[in-house]
Amino acid sequence: MKHDIRILTLIFVLLWALAWSSAGQAAAVEDQPTQSNDAPAEPIAIAFPEQPGTPDADRILRVLHGGTVEEMTMRDYLQGVLRAEMPASFEPEALKAQAIAARTYTLYKMKGGPITNHPDADACDNISCCKAYKTAEDAAADWGSMALYYEEKLARAIAETDGQAILYGGEPILAVFFSSSGGHTQNASAVWQTDLPYLQSVSSPEDETLVPNYYSVVRFSAETFRSLFLRTHPDANLSGSPDGWIQDVVRSDADYVTTLRVGGVTVKGNELRTILSLRSPAFTVKVEGDTLVFHVTGYGHGVGMSQYGANALAMQGMDAAAILEHYFPGAQVQGYTS
Ligand SMILES: [Zn+2]
């Protein structure tokens, strides 16, 4: 027993010395460029991945961008995706979670083989098909004097998670994400046709203090609502007063609208969200005279990782792997090689 304690103490001292010696190097790439490079107050944690994945620089993707197919490495593709998909001002661990999620989503799609939208490309820049993608020039126009700093910050999030993916049963998952929830994410089956064991409702900590435009209100005249809805559901009965048009609103525990009947037609809350271009399927609706008023919380479909939630968890000290394993229950972040 005494011997064990001595060995443990020795290991602890060695680890702390190792952490201390690499701290000077870490300080040079610290998040705040103006911060002093004095010795840090405490040792930094060093992560040892269980197994390395295929390096991003070794994976070549064909990306349909601006109408032409370009060959690029996974690393360069992810840099373009991160520029477009998450605010670069977010916490480093949230950006790392986003890098792993985007890498995983791409690997999942590539495993599925060519898709009809673009049989000659592995990914495209259309957000309704793949992920958004932004060039360095376009991002620099938005970032101004922060451009170099943000480029380096995103590159670091990708490099520090090189080759890592979110795996379930050893395979990359459908790593979907969205902007912000109403306090919980929702099950995949609430939005799409299929259910997946790792796309289940979990809590998410973002709120109106962290998310811009967290609450939104949208008003539709009865005439506008009718014409928008009849475009996709011409068989709906939307005659007379709008009072009785919307019925049987079913909510999930996560407070999203799962289904509702509109003019006698049952639709998913997310479908009505799409038809009306609401920010999310977490909404309430009331009729005021000849107007339908929607109060909406959060932004996005609500399935998988909440980006603002990931940032809130990173601010609480959670690392990228823990954030992802929270949003994708049962899945694990590991190096991926095939
Ligand atoms: Zn695509």
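Preceding this section is the structure that the text describes.
Residues numbered from 1 in each chain as written. Predicted model: local features only at pLDDT ≥ 70, side-chain atom pairs only at ≥ 80, totals over all residues.

1. Notes on the overall build of the chain
Worth spelling out the cut-off: Secondary structure is summarised from DSSP: a helix means a run of H or I of at least four residues, a strand means a run of E of at least two, and numbering begins at the N terminus for each. Whether a residue is buried, exposed or partly exposed is read from the other C-beta atoms within 10 Å of its own C-beta, which are placed from the backbone; 20 or more gives buried, 12 or fewer gives exposed, and intermediate counts give partly exposed.
Helices and strands together make up the secondary structure of the chain, namely 9 helices and 14 strands. The buried share among the 338 residues of the chain stands at 38%.

2. A look at the nonpolar core
Selection criterion: One nonpolar core equals one set of buried Ala, Val, Leu, Ile, Met, Phe, Trp, Tyr and Cys residues connected by C-beta atoms within 7 Å. Residue ranges for the domains trace back to a domain assignment, done automatically or taken from a database. By definition, residues are in contact whenever their C-beta atoms, placed on the basis of the backbone, come within 7 Å of each other.
Counting 78 residues, the largest nonpolar core has Leu-82, Ala-101, Ile-166 and Leu-324 as the members making the most contacts within it. In terms of residue count, the dominant contributor to this core is helix α3 (residues 92-111) (9 residues). Both of domain 1 (56-175 + 304-335) and domain 2 (215-297) provide at least three residues apiece to this core. Here Leu-82 is in contact with Leu-95, Gln-98, Ala-99, Ala-102, Leu-154, Ala-157 and Ile-158, once residues within four sequence places are set aside.

3. Focus on the sheet that holds strand β2 (residues 68-73)
Under the convention used in this document: One bridge is not enough; two strands pair if DSSP finds at least two bridges between them. Angular values range over 0 to 180 degrees, each being the angle between N-to-C directions of two axes fitted as lines to C-alpha atoms, with helices fitted over their stretch in contact.
An order of β2-β1-β3 is seen for the 3 strands of this open sheet, with the pairing classed as mixed. The sheet terminates laterally at β2 and β3 (123-124), the two strands that pair on one side only. Where strand β1 (residues 60-65) and β3 come together, 2 bridges link them in parallel fashion. Residue pairing across strands places Val-63 opposite Ala-123, the latter belonging to β3. Contacts from helix α2 (residues 74-85) reach β1, β2 and β3, with the element oriented near 110° to β2.

4. Overview of the environment of Glu-91
Looking at the secondary structure, you find Glu-91 in the loop between α2 and α3. C-beta crowding within 10 Å serves as the criterion here: with 21 such atoms nearby, Glu-91 is assigned to the buried category. Linking Glu-91 and Ala-310, residues 219 residues apart in sequence, is a C-alpha distance of 8.9 Å. Glu-91 has contacts with Asn-311, Ala-314 and Met-315, leaving out every residue within four places of it along the chain.

5. Concerning the sheet that holds strand β5 (residues 171-172)
Reading across from one edge, β5-β4-β14 is the order of the 3 strands in this open sheet, with antiparallel pairing throughout. Here the strands that pair on one side only, and so sit at the sheet edges, are β5 and β14 (332-335). Along the sheet, α3 makes contact with β4 (164-168), β5 and β14, crossing β4 at roughly 60°.

6. Here's the deal with the packing of helix α4 (residues 136-143) against helix α5 (residues 147-159)
Short version of the rule: By the definition adopted for this analysis, an angle is roughly parallel if under 35 degrees, roughly antiparallel if over 145, roughly perpendicular if from 65 to 115, and oblique otherwise. In this scheme the handedness of a crossing depends on how the near helix is turned from the far one: anticlockwise by less than a right angle means left-handed, clockwise means right-handed. Only Asp, Glu, Lys and Arg are considered charged, only Ala, Val, Leu, Ile, Met, Phe, Trp, Tyr, Cys and Pro nonpolar, and every remaining residue, Gly among them, polar.
Packing of α4 against α5 brings their axes to within 9 Å, and their N-to-C directions diverge by 125°. On the basis of the axis angle, α4 is oblique to α5. Taken as a pair, α4 and α5 cross one another with a handedness that is right-handed. Contacts between α4 and α5 involve Ala-136, Ala-139, Ala-140 and Trp-143 from the former and Ala-147, Tyr-150 and Glu-151 from the latter. Broken down by class, the residue content of the contact of α4 with α5 amounts to 6 nonpolar, no polar and 1 charged.

7. Some words on the packing of α3 against α5
Closest axis-to-axis distance for the α3/α5 pair is 8 Å, and the angle between their directions is 60°. The angle between α3 and α5 places the two elements in the oblique class. In the crossing of α3 with α5, the sense of the turn from one axis to the other is right-handed. In this structure, α3 uses Pro-92, Leu-95, Lys-96 and Ala-99 to contact α5, whose residues at the interface are Lys-153, Leu-154, Ala-157 and Ile-158. Grouping the constituent residues of the contact of α3 with α5 by class yields 6 nonpolar, no polar and 2 charged.

8. What about the pairing of β4?
The side chains of a regular strand alternate, residue by residue, between the two faces of the sheet. The buried count for β4 comes to 4 of 5 residues, which makes it a mostly enclosed element. With 4 bridges joining them, β4 and β14 adopt antiparallel strand pairing. By the bridge assignment, Ile-166 is partnered in β14 with Val-333. As judged from the 2 bridges shared by β4 and β5, these two strands associate in the antiparallel manner. Of the residues in β5, the one forming a bridge with Leu-167 is Pro-172. Hairpin connection of β4 to β5: 2 residues between the antiparallel strands, including Gly-169 at a positive phi of 60°.

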